[in-house]
Amino acid sequence: MTDIDRDEPEIHAGLEPAADRVVVGGQPTLEQATISAEIAERHRAVREDASAAGRAVPVHPPRDFAPYRSTTLRHPTHELVRAHPEEIELVSPAFGHTDVAAEEGDLTIQHTGEPLGERIIVTGRILDGDGRPVRNQLVEIWQANAAGRYVHKRDQHPAPLDPNFTGVGRVITGDDGGYRLTTIKPGAYPWKNHRNAWRPAHIHFSFFGSAFTQRLITQMYFPGDPLFALDPIYQSIVDPAARERLVARYDHDVSEPEWALGYRWDVVLTGSRATWMEPEDADHA
Amino acid sequence: MPDTPSPQGPFLQTPSQTVGPFFGYALPYPGGPDVAPPWHPDAVRFHGTVYDGAGDPVPDAVVEIWHADAAGRPIAVRGSLERDGHGVTGFGRTAVDRDGHYAFTTIKPGAARPDAAPHVLVTVFARGLTHHLFTRAYFADEDERNARDPFLASVDASRRGTLIAEADASGGYRFDIRLQGDGETVFLQFEGVAR
Ligand SMILES: [Fe+2]
């Protein structure tokens, strides 16, 4: 599998150091209290807009969410334009076991030794908005190690790499939409959005639905994390109930004796008719 | 399990979160940009640059494309992750380089219907983007079909050009993506899908 020391000549993702974890020329001076106040204000504004329009608070985070500073120059200012999905957009690429080997779902067996940290099992089902299982579709994950460090070359956090942990896994969902991963509980890590900014422990997940319009990349969190209230990425989701849907549940029936703790996390890829809202001011011109 | 709705609804949607800065060792994969093998007689380069609201290239975006075959039909063959070296799967993924540039090798899709223009669905993920963006790349050398396409007709004429991939000197197509500001790309909200 992936080697921890491999070169990444073609991969430059995460390059722009000034805006994330590394600040050229010093530490950020922006305080958590300022960010927290901005989060509260932005939540209030989004709720007011929704209520004035007679709509529910959106499930997804607004792309314009200034407390997460990197959004500033990266969100469109025009309303999205409504489109009927074409046939191609109502199907997804066909993935299968020719694409993904069974052992790619276990991130603890990719090297010669055992990774450090708390071994966990994460399992659940991927459903569409009508509750139908999303079958034979690709689930990809990536995460930091138990110390909060990514293998990614641009990760400058002075925490140790683990030679026995890369942090990348893939699975194909079963006929019931189910997936199951074995990994290590990732650590929290600092970033440079503001002074003393820490991301709650999370696993990045990528999903394909039965339609490409259901494509989703998100992050799964762990119950009871004290950093939730402080994190502008988690808090970019305004609806508290929607936020909580990103938090896995500890499930003792998933835990395996003398082996690993179990978490259950179910995912719904698109709103059912009941939750579908008319977009505000859709640019229909 | 029967393919019918399960009775325990409602099924509330899982929200999006940013792809973050550290996907580079996870999402890109060997062969990701090679939707068609380079030796394919109809292979074309489909490429462009992702820009932010200051007009600067975005060096940490990941771009996916998904499109129909040359006859306009969806492709249902496996092998988008493990390329077999001769098939065309219609799906590709690549990270942009440090200049914000992405490039795929693929074939030009056909139109799905007589009154529609051929297009490539383009999906953009990036650090600082809390929820991915969908757009469509239509082709500059399809004037007649583009003029008949009902979606293109629904887009404000002053912004329609942002959906057109220009033919470049090498016989490929260039499709730049502007996330914000002057010439901001038209991004899509699919009907039936929550924002
Ligand atoms: Fe992360």
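Residues numbered from 1 in each chain as written. Chains lettered and ligands numbered in written order. Predicted model: local features only at pLDDT ≥ 70, side-chain atom pairs only at ≥ 80, totals over all residues. Heavy atoms only, no water.

- The name that an unreviewed UniProt entry assigns to chain B is Protocatechuate 3,4-dioxygenase alpha subunit, with the source organism given as Agromyces ramosus.

- Labelled according to an unreviewed UniProt entry, chain A appears under the name Protocatechuate 3,4-dioxygenase beta subunit, originating from Agromyces ramosus.
- Database annotation for chain A, UniProt heading Sequence similarities (unreviewed entry): "Belongs to the intradiol ring-cleavage dioxygenase family." (UniProt positions renumbered as here; feature names shortened; annotations may be inferred.)

## What about the overall build of chain B?
Next, step 1: Scanning chain B from terminus to terminus reveals three helices and 10 strands.
Next, step 2: Counting from the amino terminus, chain B carries its helices and strands in the arrangement β-β-β-β-β-β-α-α-α-β-β-β-β.
Next, step 3: A globule of 195 residues ought to have a C-alpha radius of gyration of about 16 Å, and chain B, at 17 Å, matches this closely.
Next, step 4: A buried classification covers 62% of the 195 residues belonging to chain B. (Helix = DSSP H or I, 4+ residues; strand = E, 2+ residues; numbered from the N terminus. Rg over C-alpha atoms; globule rule 2.2 N^0.38 Å. Buried < 20%, exposed > 50% of the residue type's maximum accessible area, 1.4 Å probe, protein only.)

## Topic: the pattern of salt bridges
Next, step 1: Here the structure, examined in full by the defined rule, presents 24 salt bridges over all chains.
Next, step 2: The partner of A:Glu89 in a salt bridge is B:Arg136, with the nearest N and O atoms 2.6 Å apart. You can see A:Glu89 sitting in the loop between strand E1 (81-83) and strand E2 (119-127) and its partner B:Arg136 sitting in strand E6 (residues 133-139), one on each of two chains.
Next, step 3: When the shortest N-O distance is used, the salt bridge between B:Asp176 and B:Arg174 registers 3.1 Å. (Salt bridge = Lys/Arg side-chain N within 4 Å of Asp/Glu carboxyl O.)

## Considering the interface of chain B and chain A
Next, step 1: Between chain B and chain A, the residue contacts involve 80 residues of the former and 104 residues of the latter.
Next, step 2: Across the interface of chain B and chain A, roughly 8,700 Å² is buried in total on both sides, 58% from carbon and sulfur atoms.
Next, step 3: Joining chain B to chain A, the criterion identifies six salt bridges.
Next, step 4: Its salt-bridge partner being B:Arg93, residue A:Glu140 comes within 2.7 Å of it at the nearest N-O pair.
Next, step 5: Elements that contribute at least two residues to the side of chain B that touches chain A include exactly strand E2 (61-66), strand E3 (91-95), strand E5 (119-126), E6, helix H2 (150-154) and strand E10 (188-190) of chain B.
Next, step 6: Tallying contributions element by element places E5(B) first for the side of chain B that touches chain A, with five residues.
Next, step 7: A per-class count over the side of chain B that touches chain A returns 41 nonpolar, 22 polar and 17 charged.
Next, step 8: Here three bridges tie E1(A) to E10(B), and the two strands are oriented parallel to one another. Across the sheet, the residue bridging to A:Ala83 is B:Phe190, located in E10(B). (Contact = heavy atoms within 4.5 Å. Buried area = accessible area lost by both parts, 1.4 Å probe. Nonpolar A, V, L, I, M, F, W, Y, C, P; charged D, E, K, R; others polar. Pairing = 2+ DSSP bridges.)

## Considerations on the coordination of the iron ion
By definition of the ideal shapes, four donors in a tetrahedron about a metal sit 109.5 degrees apart, and six donors in an octahedron sit 90 or 180 degrees apart.
All names here are of chain A.
Next, step 1: Ligation of the iron ion by protein atoms is provided by Tyr150 (OH), Tyr189 (OH), His202 (NE2) and His204 (NE2), these donors lying 1.9 to 2.2 Å from the ion.
Next, step 2: Each of the four donor atoms around the iron ion contributes to a set of angles spanning 91 to 158 degrees, which defines the coordination as irregular.
Next, step 3: Coordination of the iron ion draws on donor residues from a single chain, spaced Y-x38-Y-x12-H-x1-H in sequence. Of this pair, Tyr189 sits in strand E6 (residues 189-191) while His202 is found in strand E8 (residues 202-207), placing the two residues 13 residues apart along the sequence. (Donors = N, O, S within 2.8 Å, 3.2 Å for Na, K, Ca; no water. Tetrahedral: all angles 85-135°; square planar, octahedral: opposite > 155°, others 65-115°.)

## Looking at helix H1 (residues 32-52) of chain A
Residue and element names in this part refer to chain A.
Next, step 1: A rise of 1.5 Å per residue sets the reference length of H1, with its 21 residues, at 30 Å; its end C-alpha atoms lie 30 Å apart and thus fit the reference within 8%.
Next, step 2: For H1, the full list of buried residues reads Gln32, Ile35, Ile39, His43, Val46 and Ala50. Down the axis of H1, the buried side of the element spans an arc of 75 degrees, and every buried residue falls inside it. Among the exposed residues of H1, those pointing more than 90 degrees away from its buried face are Ala33, Ser51 and Ala52.
Next, step 3: Against helix H2 (240-244) lie the buried residues of H1. (Expected span 1.5 Å × (residues − 1). Arc of directions from axis to C-beta.)

## A short note on the packing of aromatic side chains
Two aromatic rings are characterised by how far apart their centres lie and by the angle between their planes.
Next, step 1: Summed over the entire model, instances satisfying the criterion amount to 26 aromatic pairs over all chains.
Next, step 2: Ring centres 6.0 Å apart and planes at 50 degrees place the aromatic pair A:Phe207 and A:Trp265 in the tilted group. Residue A:Phe207 is found in strand E8, and its partner A:Trp265 is found in the loop between strand E11 (261-264) and strand E12 (267-268); the two are separated by 58 residues along the sequence.
Next, step 3: For A:Phe207, a relative accessible area of 0% puts it in the buried group.
Next, step 4: Note on B:Phe46 and B:Phe175: the rings are 6.2 Å apart at their centroids and 25 degrees apart in plane angle, and the pair reads as stacked. Placement of the pair is B:Phe46 in strand E1 (residues 44-51) and B:Phe175 in the loop between strand E8 (173-174) and strand E9 (177-178), with a sequence separation of 129 residues. Taken individually, B:Phe46 and B:Phe175 each receive the classification buried, so the pair is uniform in this respect.
Next, step 5: Taken together, the ring pairs in this structure connect A:Phe95, A:Phe208, A:Phe212, B:Trp66, B:Phe91, B:Phe134 and B:Phe190 into an aromatic cluster.
Next, step 6: Stacked on the ring of B:Phe139, the Lys or Arg B:Lys108 has its end atom at 5.2 Å from the ring centre.
Next, step 7: Above the face of the B:Phe151 ring, B:Arg136 is positioned so that its terminal group lies 5.0 Å from the ring centre. (Phe/Tyr/Trp six-rings, centres within 6.5 Å; stacked < 30°, edge-to-face > 60°. Lys NZ or Arg CZ within 6 Å of the ring centre and 35° of its normal.)

## Looking at the sheet that holds strand E4 (residues 168-172) of chain A
Pairing between sheet strands relies on hydrogen bonds along the backbone, with the strands arranged either parallel or antiparallel.
Residues and elements named next belong to chain A.
Next, step 1: Strand order in this open sheet of four strands is E4-E3-E8-E9, and the pairing throughout is antiparallel. Strand pairing shows two members of the sheet lacking a second neighbour, E4 and strand E9 (216-221), which therefore form its edges. Sheet twist, expressed as the average angle between the axes of neighbouring strands with direction ignored, equals 20 degrees.
Next, step 2: Here strand E3 (residues 138-143) runs beside E4; their pairing, made up of five bridges, is antiparallel. Across the sheet, residue Leu138 finds its bridge partner in E4, namely Ile172. (Axes fitted to C-alpha atoms, helices over the stretch in contact; angles between N-to-C directions.)

## As for the UniProt feature "domain: Intradiol ring-cleavage dioxygenases" (unreviewed entry) in chain B
Next, step 1: Feature annotation in UniProt places "domain: Intradiol ring-cleavage dioxygenases" (unreviewed entry) on residues 45-181 of chain B, given in this structure's numbering.
Next, step 2: Along residues 45-181 of chain B one finds 11% helix and 34% strand; the C-alpha atoms at either end are 27 Å apart.

## Some remarks on unusual backbone geometry
All names here are of chain A.
Next, step 1: Here Asn196, not a glycine, exhibits a phi torsion of approximately 60 degrees, which is positive.
Next, step 2: With respect to the secondary-structure elements, Asn196 resides in the loop between E6 and strand E7 (197-199).
Next, step 3: Residue Glu258 is not a glycine yet carries a positive backbone phi of 60 degrees.
Next, step 4: Relative to the elements of secondary structure, Glu258 occurs in the loop between strand E10 (249-250) and E11.

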